[in-house]
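Okay, here's what each chain looks like letter by letter:
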Amino acid sequence: MQDPVTVDDRTVDRELLDFVMRTPRWFFGSTFALAVGLLAGVLVFLTMLNWGLQFLGYSSPVYWGFLIVNFVFWIGISHAGVMISAILRIVQAEWRRPVTRAAEIVTVFSLMTALMFPLIHSGRPWRTLYWAFPYDWIRGMWPNPRSPLVWDPSAIMTYLTSTILFVYIAMLPDLAIARDRATGPVRKTIYGILSLGFRGTSRQWRIQAVAGILLSALILPIFVSVHSIVSWDFAVTLVPGWHSTTFAPYFVIGAVHSGVSAVVMAMIIIRKIFHLQNYITADHIDSLTRLLIAVAATWFFFLMLDFFFGLYGTEPTEVDTWSRRILEGEWRYLAVIFALCSFIIPVPMWLFRGVRRSFFWMFVTTVLVNIGMWIERFMLIVPALERKSPLTFAYGDYTPSISEFILVLASFCMVTLGVLVFSKFLPLMPVADIKEGKIMKQEMKIGRADVPATIRE
Amino acid sequence: MGIRDNTELLGLYEGPDQAADAVGNLKEAGFEDNAIEVLSATPYPEGAFGEQTIKHRLFTFPFAGAACGLAIGLAWVIGAQVSLPIVTGGKPIVAFPAIIQILYEGTMLGAVLFTIIGVLFESRLPDGIGLYDERIADGYIGISVMTETERMQEARTVLNGAGAIDIISAEKSSPAAAPATSNA
Amino acid sequence: MSSPERAALELSLRPAYRPKPLRISMTNAVVALLVVLGVGGIAAYVSRIAGDGGRESWAYPTAVLMVLISFVAAAPLIAYASRATRGYWGLPSRRIADLFVIPSLLSMVILIPVMMTLPPLKGRANLWFDFAWGAPFFTDVLALGIMLVAGLALLWVSLVPDLAANAGDMNKLPRWRRMLLLNWKGSVRNWKTVRVTVKVLGAFYLMAYVFVAMVLTTDLGQSLMPGWRSGVFPAYHLISGIQGGVAAIIIVSWLIRRFSPEAGQFIGNEQALNLGKLLLGLTLLWFYFFYSDFIVVWYGRKPSEVAAVQVQTASVYLVPFLIAVFCQLLIPIALLIFNGVRRNLNLLAPVALIVIVGQIFDRIRLFVPAMTSEDPFAHSYEELPNAVGPDLIDILFIVGFLALAALAYLWAARRFPIHSGWELREGAMLREERKFMKTEVLVLGKPD
């Protein structure tokens, strides 16, 4: 049962626009701290530009390390926003309302962060212009559309563009409310321009409803394609441990697993720091967690498929890669942490209603999932590269450098800073949607029982 | 005579039932469906105020966009490969399995972009023409009626009769944005 | 607002609506034809058992087995999905889906002789890592058996409230029948138990089905064909099976609406729209899994894998592959993108039939080359084999067993209520049309 929002419209506006309209002191401190973290990353990047990729610790055969792991990780996090928003809109689940905007914004900033990493990783980012775009056709320098590395920017840019436009269109009513509530002339003008004069006519609301479902239906296939295309960066090669047909669905479902966990984590934090206890309730976390259980089970199925069919052909190089991942080598301890954090600890806990409805335990378990899934991407990429060549003289080992850790930290700062700054200008919860939920809420009397009900949209 | 003298009136109501009554009364008084508009800060189920059903062609936009995106994607992908023909791994220069990703993304991007255009078009946005009042964001419902100047008083009477707390009007001989007068 | 089926809203709660089994005349020409074909199928089966043909002679029967595992055994999953998501649209479809477990029993009849023709595991790629626990015969038969038992249990539990309601006074029934009906009284505890049990059994059936898909597709497919190594193939088979399951439910729903006014009154455009959306989504997913498999092989260009794909797709079994692509992908997509087709059961049913036909050819192109491969112990094809066409017995087998599956379903529909009365009544309680200001809205109850 969903707890209905019982406050009046004006209170809803005030509570949800509170952080937009006034700035608490902690905002400045936290923004500064996050900016420092981001700046450290920028300094590392600039140093890398000067010294080359060896500054980050890359050499043969492991040229893909933390940066690509982080790229895949953030693409994964970005998946949940659209998935939650789009699928829940399509099935018209009432509990989506407080969750969608925050999930979409996490998607946008995660995607932007993810996009940084291949650019950093190229060592000379300006050269990606030749590589991805028909920049220098006069000299006949055309990109190679057969390369998965060209598919990546096309997919990510499509996804990013679609998500930003989707969020913007869905935000028009809230921009109109912000325009009406704003007191300063500058804010009023900016919100007025951004809201495009939205007045809330019947036509505009009807188109909003239809557009929500239509755009959701269009974005869902894009979301599936993005991480599939990222997975094919690995799968279309012949590197042992990568040459697997399961990679596309495995990556997608893994992305949803980590992404939805990240959204749950974000919702719990947002609820706490923005005092949104009236809007984000245990019911929402419970519903998201039930979705997580189904997703985690599916992810586990694909993990088993990847594992069993990796060993199925008993090819020596494939067996060796799996062996190095989980039985021998320096990474076996990480494999244990990965298994515990991604599945063994959180999923059985989620089967208990008390855990699903506990904000503390859900925060802990979702953090564990994201740690585990980060490690999973690492386990996928690095052990395979260390022995990618069959020639023993081409073997190598990988040790992450401090600069890579700083870049990873900077990525987390970038996403958090982006979401925080966004929330300063626009509400993290769709105000009009919340109010619509109040109207749609009904009750049915069956015998002596009052059954919660909703108007079907 | 080339420019019509139309007036828009906007009545503000405290509750949705009164607003619905206002719409009904306006229709009974002979005002056309497409002259009556309901403004609210929250979406209500379609037809809740007795307003006319909205017809739109939003579903045609994604198809058009997808076709454009596919065409552009096809041209780019085939053109790029033919212009710089590099044989890699024994694969043909233009091979369908290899180009399907770009075609797919182009198609979907085209569909989404055209859908956005369609949303703005069908929503009649940007909208700077109609009357609006900031109290609508407070939860008041606005009933707007566009009528000839001769019937303005009649419309005002009907709106008042349904319990409007305020009526805003703007003379319209050319598109104007701001409310001109407010009569409680 | 799209209106729900009027009958669903006006469903009688007092006196309680009790659906009956379908009235199907056994002298009907179509039924008679099915019987004739079914007899032919049995004759073909006996001929194969009695014959001394080896694994190759069971190639087309294996394809039929995998067709049965696909759309027939997958159909009950749709009922589980509808129950798990509490989708109102699925109410008339749940029993229709659950009953498919009866024809899926035929799969065990085919599996046992097929498993006996398989070569030993040692020396060829397999999922069992050469374990000597009777794999693959014992393991696969056990897995399928567990799945079928779970499906039967699910059907049984979901039938109990309806059968008990039709049985009259429980105290007057013989003991064995009372036990079969779980001493049903309709108490609060009884209802709670049946609701939880159908969900749990449904989840168990899903897990069993996934496992069966994984082991059978490997043991009867990948393990026998040199060079075929695809981790995503079990998932591909699973998704295409569910696609076929949805198609089968659409076809049965159309038949019920067409030929049974009493049962068909609950089936309408609401069901069509939702099943149509599911079918479209699954069609897209079919392509996604197919492409995930194909692109890795196409890019990797490992000779062994390329040869396997050439056999199944590009060269040897090109014709069945093309038929499968047209029928499972191109035609459905071209039609299902239109709302008008998805909303109309009369237009949706032919699309569903085309999907089923495509699935049959898809299973032929996947499993016939595996079962007819000359050397399952080889790492790769030395040269591409010739396509093995069906002989008369194979054709009789295919047509006959599909007819037997249809007959088994008809038998079940004549024995058991075709709709889940208790779920329809529950749904009727939780749906209501109400006046909301100046319009009518549909209100849906969402109990915990």
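In this text, all values refer to a predicted model and were calculated from it rather than measured experimentally.

Asks: Is there a simple way to explain the overall build of chain A in this structure?
Replies: A tally of regular secondary structure across chain A gives 18 helices and two strands. Compactness check: chain A gives a C-alpha radius of gyration of 23 Å against a globular reference of 23 Å for 457 residues, within 12% of the reference. By its C-alpha atoms, chain A is 75 × 60 × 40 Å across when sized along the principal axes. The contacts of chain A with a sequence gap of at least 6 include a subset with a gap of at least 24, amounting to 78%. Summing over all exposed atoms, chain A offers an accessible surface of approximately 17,200 Å²; the carbon and sulfur share of this is 70%.

Asks: Would you mind going over the packing of helix 4 (residues 66-90) of chain A against helix 10 (residues 247-273) of chain A with me for this structure?
Replies: The geometry of a pair of packed helices is captured by two quantities: the angle between their axes and the separation between those axes. Residue and element names in this part refer to chain A. Packing of helix 4 against helix 10 leaves a shortest axis separation of 7 Å and a crossing angle of 75°. Overall, the two elements helix 4 and helix 10 adopt an arrangement that is roughly perpendicular. The residues of helix 10 that touch helix 4, namely those facing V72, G76, I77, H79, A80, M83 and I84, are F251, A255, V256, S258, G259, V260, A262 and V263. Class assignment for the residues of the contact of helix 4 with helix 10 results in eleven nonpolar, four polar and no charged.

Asks: Help me out: how do you make sense of the pattern of salt bridges in this one?
Replies: Where charged atoms from two side chains of opposite charge approach closely, those side chains can pair. Applying the stated criterion across every chain, the model contains 43 salt bridges over all chains. Salt-bridge contacts for R356 of chain A lead to D286 of chain A; the nearest nitrogen and oxygen are separated by 2.7 Å. Of this pair, R356 of chain A sits in helix 15 (residues 353-356) while D286 of chain A sits in helix 11 (residues 282-312); the two residues are 70 residues apart in sequence, bridging distant segments of the chain. D286 of chain A shares its class with R356 of chain A; the two are buried. Linking D391 of chain C and R48 of chain C is a salt bridge whose minimum nitrogen-to-oxygen distance equals 3.1 Å. Linking D391 of chain C in the loop between helix 16 (345-371) and helix 17 (392-415) with R48 of chain C in helix 2 (residues 29-50), this pair joins segments that are 343 residues apart in sequence. According to the relative accessible area criterion, R48 of chain C is buried, its value standing at 11%. A single salt-bridge network, built from bridges that share partners, covers D283, D286, R290, R356 and R357 of chain A.

Asks: What is the right way to look at the interface of chain B and chain A in this model?
Replies: Often the size quoted for an interface is simply the accessible area lost on bringing the parts together. On the chain A side, the residues contacting the 56 residues of chain B number 52 residues. Between chain B and chain A, roughly 5,200 Å² of surface is buried when both sides are summed, and carbon and sulfur atoms account for 66% of that area. Joining chain B to chain A, the criterion identifies five salt bridges. Put simply, E8 of chain B and R199 of chain A hold a salt bridge, and the shortest N to O gap is 3.9 Å. The interface formed by chain B and chain A holds 19 residue pairs in polar contact (both at pLDDT 80 or more) in total. Counting residues per element, the ones that place at least two in the side of chain B that touches chain A are strand 2 (36-39), helix 2 (60-83) and helix 3 (96-122) of chain B. A total of 15 residues in the side of chain B that touches chain A trace back to one element, the largest contributor, which is helix 3 of chain B. For the side of chain B that touches chain A, the residue count by class is 33 nonpolar, eleven polar and twelve charged.

Asks: When you look at the interface of chain C and chain A in this model, what are you seeing that I'm missing?
Replies: Taken together, the contacts link 44 residues of chain C with 39 residues of chain A. With both sides pooled, the region where chain C packs onto chain A buries about 3,800 Å², and carbon together with sulfur makes up 67% of that total. For the chain C face of the interface with chain A, the top three residues by lost area are R229, Y288 and Y299 of chain C, together amounting to 18%. Between the two partners, chain C and chain A, sit three salt bridges. Across the salt bridge formed by E270 of chain C and R456 of chain A, the nearest N and O atoms sit 3.0 Å from each other. Taken together, chain C and chain A are joined by 17 residue pairs in polar contact (both at pLDDT 80 or more). Among the secondary structure elements, those contributing two or more residues to the side of chain C that touches chain A are helix 9 (188-219), helix 10 (233-259), helix 12 (269-300), strand 1 (431-436) and strand 2 (439-445) of chain C.

Asks: In this structure, what is going on with helix 12 of chain C? I would like to understand it.
Replies: An α-helical segment advances 3.6 residues per turn. Residues three or four places apart therefore align on the same side. Residue and element names in this part refer to chain C. The end-to-end C-alpha distance of helix 12 is 46 Å, a good match for the 46 Å that 32 residues give at a rise of 1.5 Å each. Counted residue by residue, helix 12 has 24 buried out of 32 residues, so it is predominantly covered. Of the residues trailing helix 12, R301 is marked for its positive phi of about 55°.

Asks: So what exactly am I meant to see when it comes to the environment of D394 of chain C here?
Replies: All names here are of chain C. Of note, D394 is situated in helix 17. Looking at D394, the relative accessible area reads 6%, which means it is buried. Counting along the chain gives 225 residues from D394 to D169, while the straight-line C-alpha distance between them is 50 Å. Looking at D394, its side chain comes within polar contact range of the side chain of R48, at 2.8 Å.

Asks: Where do I start with the sheet that holds strand 2 (residues 449-455) of chain A in this structure?
Replies: Hydrogen bonds between backbone atoms are what pair the strands of a sheet, whose relative direction is either parallel or antiparallel. Taking strand neighbours across the sheet as the criterion, the four strands line up as 1(A)-2(A)-2(C)-1(C) in an open arrangement whose pairing is antiparallel. Two strands lie at the open edges of the sheet, namely strand 1 (441-446) of chain A together with strand 1 of chain C, each paired on one side alone. Within this sheet the neighbouring strands show an average axis-to-axis angle of 40°, counted without direction. When strand 1 of chain A meets strand 2 of chain A, the two strands line up antiparallel, connected through six bridges. Residue M444 of chain A lies in a different strand from strand 2 of chain A, and its bridge partner there is V451 of chain A. Across the sheet, helix 18 (residues 431-440) of chain A touches strand 1 and strand 2 of chain A together with strand 1 of chain C, and the angle it forms with strand 1 of chain A is around 20°.

Asks: Looking at this model, I keep getting lost on the packing of aromatic side chains. Mind explaining?
Replies: Pairs of aromatic rings are described using the distance from one ring centre to the other and the angle between the two planes. All names here are of chain C. Under the counting rule described, the total for this entry stands at 57 aromatic pairs over all chains. Seen from their ring centres, Y45 and F397 are 6.2 Å apart, and the 50° between their planes marks the pair as tilted. Placement of the pair is Y45 in helix 2 and F397 in helix 17, with a sequence separation of 352 residues. Residues Y45 and F397 agree in their burial class; the two are buried. Ring plane angle 55° and centroid distance 6.1 Å describe the contact between F233 and F367, whose orientation is recorded as tilted. Here F233, found in helix 10, pairs with F367, found in helix 16; they are 134 residues apart in sequence, far enough to count as distant. Using a relative accessible area of 1% as the deciding quantity, one classes F233 as buried. By way of ring pairs, the aromatic residues W228, F233, Y236, W286, F290, F294, F321 and F367 are connected into one cluster.

Asks: Quick question: what am I supposed to make of the side chain of T158 of chain A here?
Replies: Inspection of the secondary structure puts T158 of chain A in helix 7 (residues 148-181). Setting aside chain neighbours within four positions, we find T158 of chain A in contact with P153 and I222 of chain A together with E105 and L109 of chain B.

Asks: Help me out: how do you make sense of unusual backbone geometry in this one?
Replies: A negative phi angle is the norm for most residues apart from glycine, just as the trans form is the norm for most peptide bonds. Note the cis peptide between S60 of chain A and P61 of chain A, where omega equals -10°. Structurally, the position occupied by P61 of chain A is in the loop between helix 3 (25-51) and helix 4. Backbone torsion omega between L125 of chain B and P126 of chain B reads -5°, so that peptide bond is classified as cis. Relative to the helices and strands, P126 of chain B is located in the loop between helix 3 and strand 3 (141-148). Unlike most non-glycine residues, Q92 of chain A shows phi in positive territory, near 60°. Mapped onto the elements, Q92 of chain A comes out in the loop between helix 4 and helix 5 (100-121). The phi dihedral of R124 of chain B falls on the positive side, at around 60°, and the residue is not glycine. Considering the arrangement of structural elements, one finds R124 of chain B in the loop between helix 3 and strand 3.

Asks: Where do I start with the pairing of strand 3 of chain B in this structure?
Replies: Residues and elements named next belong to chain B. By the criterion of burial, strand 3 is predominantly enclosed, with six of the eight residues buried. Judged from the eight bridges that link them, strand 1 (residues 6-13) and strand 3 form a sheet pairing that is antiparallel. Within strand 3, the residue paired with L9 across the bridge is V145. The pairing of strand 2 with strand 3 spans four bridges and is antiparallel. When the bridges of strand 3 are listed, I36 appears paired with V145.

Asks: Would you mind going over helix 12 (residues 316-326) of chain A with me for this structure?
Replies: Of all the positions in helix 12 of chain A, only E318, T321, W322, S323, R324 and R325 of chain A are classed as buried. Its buried side turned inward, helix 12 of chain A meets helix 11, helix 13 (332-344) and helix 16 (359-386) of chain A.

Asks: How do you make sense of the nonpolar core when you look at a structure like this?
Replies: A general trend in soluble globular proteins is that nonpolar side chains are found buried together. Counting residues in hydrophobic clusters, the biggest one holds 299 residues, and the most contacted among them are W232 of chain A together with L220 of chain C. Excluding anything up to four places from it in sequence, W232 of chain A contacts P148, W151 and A248 of chain A, Q101 of chain B together with Y291, S292, I295 and V296 of chain C. By size, the runner-up hydrophobic cluster in this structure holds 43 residues, among which are A162 of chain B together with Y88, L91 and L430 of chain C.

Asks: Where do I start with the packing of helix 3 (residues 59-85) of chain C against helix 6 (residues 106-116) of chain C in this structure?
Replies: Residue and element names in this part refer to chain C. Taken N-terminus to C-terminus, the directions of helix 3 and helix 6 make an angle of 145°; their axes are 9 Å apart at the nearest point. Pair helix 3 / helix 6 crosses with left-handed handedness. On helix 6, the residues that touch P61, T62, V64, L65, L68 and I69 of helix 3 are L106, S107, I110, L111 and V114. The residue inventory of the contact of helix 3 with helix 6, partitioned by class, reads nine nonpolar, two polar and no charged.

Conventions we followed
- Residues numbered from 1 in each chain as written.
- Chains lettered and ligands numbered in written order.
- Predicted model: local features only at pLDDT ≥ 70, side-chain atom pairs only at ≥ 80, totals over all residues.
- Heavy atoms only, no water.
- Helix = DSSP H or I, 4+ residues; strand = E, 2+ residues; numbered from the N terminus.
- Rg over C-alpha atoms; globule rule 2.2 N^0.38 Å.
- Contact = heavy atoms within 4.5 Å.
- Areas by Shrake-Rupley, 256 points an atom, 1.4 Å probe, with all protein chains shown as cover.
- Axes fitted to C-alpha atoms, helices over the stretch in contact; angles between N-to-C directions.
- Parallel < 35°, antiparallel > 145°, perpendicular 65-115°, else oblique.
- Nonpolar A, V, L, I, M, F, W, Y, C, P; charged D, E, K, R; others polar.
- Salt bridge = Lys/Arg side-chain N within 4 Å of Asp/Glu carboxyl O.
- Buried < 20%, exposed > 50% of the residue type's maximum accessible area, 1.4 Å probe, protein only.
- Buried area = accessible area lost by both parts, 1.4 Å probe.
- Polar contact = N/O pair within 3.5 Å; in protein donor to acceptor, adjacent residues only side chain to side chain.
- Expected span 1.5 Å × (residues − 1).
- Pairing = 2+ DSSP bridges.
- Phe/Tyr/Trp six-rings, centres within 6.5 Å; stacked < 30°, edge-to-face > 60°.
- Core = buried A, V, L, I, M, F, W, Y, C linked by side-chain atoms within 4.5 Å.
- Left-handed = near helix turned anticlockwise from the far one by under 90°.

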